[in-house]
Amino acid sequence: MPIATYIDTHCHLDGEEFAEDRDEVVQRAREAGCTQIFLPAIDAASCKTVLDVCAQYPCYCQPMLGLHPEEVKADWREQLSTIKELLTSAISHQPSPIAIGEIGLDYYWSREFEQEQLEAFEKQVKWAIELQLPLMIHCRKAQNELVAILKKYAKELPSGVFHCFTGNEQEARQLLEFDNFVLGIGGVLTFKKSHLPEVLPACVPLERIVLETDAPYMAPVPMRGKRNESAYISHVITRLAEAYGVTEEVICHQTTSNVERIFKII
């Protein structure tokens, strides 16, 4: 095991992309220094697969349950009802959900279900407050709308992650106004056209960052084009260390400490 260890806070390890070699993917993650992997659900069906995979790797894979904005369709109320039942029943068992997610707003492809997304997101924010669980938040082309909802509950919100942050300094500062939240940083940091190596050190303290893959998507350079996996976070760590002018050990230690603070996990 490497001296510096880390946690992957966002990996769709339950996906079909890993069906053939999930054990090997987990083994490679362990060998690379990944001490835990957090799995976000995207709908009612994946809540079950997330729980199943986490049961296969106890204390290593941790479940997060929620309805992804891109999965908010005509049946969203039924989906939420099923997810809430799974959530409340799973809390008293192992593996117990560590967060509500992946939830949020996404108007990148379509605004067909714009109002439904807003309602679904707000309902799940209320779950987080009710259950005192962190939020794993996805946001694309909807930050103003998302922030407006979160501000309504600012004093009650537990903690959370703004997953896959790729924005500018102004957007980063706006999100960091939510004191108990951090930014999830992954493969985009390593992309040639990414501004994150300049944006992050300028306005985001290391205490406000956690590591993630979003695997099987968003593989970092030099793995771009391949299926992403937790072992590849080493490339993100290297780039973060260069950007902040610190060692990779500092990046690993601080981001792991941040995860423990946000998710109350040791």
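Everything below is about the structure printed above this text.
Residues numbered from 1 in each chain as written. Predicted model: local features only at pLDDT ≥ 70, side-chain atom pairs only at ≥ 80, totals over all residues. Heavy atoms only, no water.

1. A word on the overall build of the protein chain
Point 1. Each helix and strand counted, the protein chain has nine helices and eight strands in total.
Point 2. Once the C-alpha set of the protein chain is aligned to its principal axes, its extents read approximately 45 × 40 × 35 Å.
Point 3. As presented, the protein chain carries roughly 12000 Å² of accessible surface, and 50% of it is formed by carbon and sulfur atoms. (Helix = DSSP H or I, 4+ residues; strand = E, 2+ residues; numbered from the N terminus. Areas by Shrake-Rupley, 256 points an atom, 1.4 Å probe, with all protein chains shown as cover.)

2. Things to note about the packing of helix 6 (residues 169-176) against helix 7 (residues 196-203)
Point 1. For the pair helix 6 and helix 7, interaxial distance at closest approach is 9 Å and the crossing angle is 45°. With respect to their mutual orientation, helix 6 and helix 7 come out oblique. Of the two elements, helix 6 crosses helix 7, and the hand of that crossing is right-handed. Packed against helix 6, whose contacting residues are E169, A172, R173 and L176, the element helix 7 presents V199, A202 and C203 at the interface.
Point 2. Residues of the contact of helix 6 with helix 7, tallied by class, amount to five nonpolar, no polar and two charged. (Axes fitted to C-alpha atoms, helices over the stretch in contact; angles between N-to-C directions. Parallel < 35°, antiparallel > 145°, perpendicular 65-115°, else oblique. Left-handed = near helix turned anticlockwise from the far one by under 90°. Contact = heavy atoms within 4.5 Å. Nonpolar A, V, L, I, M, F, W, Y, C, P; charged D, E, K, R; others polar.)

3. As for the nonpolar core
Point 1. The biggest cluster of nonpolar side chains holds 80 residues, and the ones touching the most others in it are L13 and L200.
Point 2. Setting aside anything within four residues of it in sequence, one finds L13 in contact with F18, R22, V25, V26, I37, L39, V53 and C61.
Point 3. Counting 13 residues, the second-largest nonpolar core is a separate cluster that includes I7, A99, M136 and I265. (Core = buried A, V, L, I, M, F, W, Y, C linked by side-chain atoms within 4.5 Å. Buried < 20%, exposed > 50% of the residue type's maximum accessible area, 1.4 Å probe, protein only.)

4. A few points about the sheet that holds strand 5 (residues 135-140)
Point 1. As summarised here, the arrangement of the eight strands in space is 1-2-3-4-5-6-7-8, forming an open sheet in which the pairing is parallel. Looking at the sheet topology across the chains shown, the edges are occupied by strand 1 (6-8) and strand 8 (209-211). Across the sheet, the mean angle separating the axes of adjacent strands is 30° when strand polarity is ignored.
Point 2. By the bridge criterion, three bridges tie strand 6 (residues 160-162) to strand 7 (residues 181-185) in an arrangement that is parallel. The partner of G160 across the bridge, within strand 7, is F181.
Point 3. Along the sheet, helix 2 (residues 44-56) contacts strand 2 (34-40) and strand 3 (61-65); its crossing angle with strand 3, the most-contacted strand, is approximately 165°.
Point 4. This element, helix 5 (residues 143-152), spans strand 4 (99-106), strand 5 and strand 6 of the sheet and lies at about 150° to strand 5. (Pairing = 2+ DSSP bridges.)

5. Observations regarding the pairing of strand 3
Point 1. Most of strand 3 sits out of view: five of its five residues are buried.
Point 2. Residues of strand 3 alternate between two faces, with C61, P63 and L65 on one and Q62 and M64 on the opposite face, all of them buried.
Point 3. One ladder, built from four bridges, connects strand 2 with strand 3; its direction is parallel. Its bridge partner lying in strand 3, F38 is registered against Q62.
Point 4. Note that the unit made of strand 2, helix 2 and strand 3 has a crossover that is right-handed.
Point 5. When strand 3 meets strand 4, the two strands line up parallel, connected through two bridges. Along strand 4, the bridge assignment pairs M64 with A99. (Right-handed = clockwise from strand over helix to strand, strands pointing away.)

6. Observations regarding helix 3 (residues 76-90)
Point 1. Over its 15 residues, helix 3 runs 21 Å from end to end, which matches the ideal 21 Å to within 8%, given 1.5 Å per residue.
Point 2. For helix 3, every residue scored as buried is listed here: W76, Q79, L80, I83, K84, L86, L87 and A90. Angular distribution of buried residues about the axis of helix 3 spans 165°; they occupy a single face of the element. Counted as exposed and oriented over 90 degrees from the buried face of helix 3: E78 and E85. (Expected span 1.5 Å × (residues − 1). Arc of directions from axis to C-beta.)

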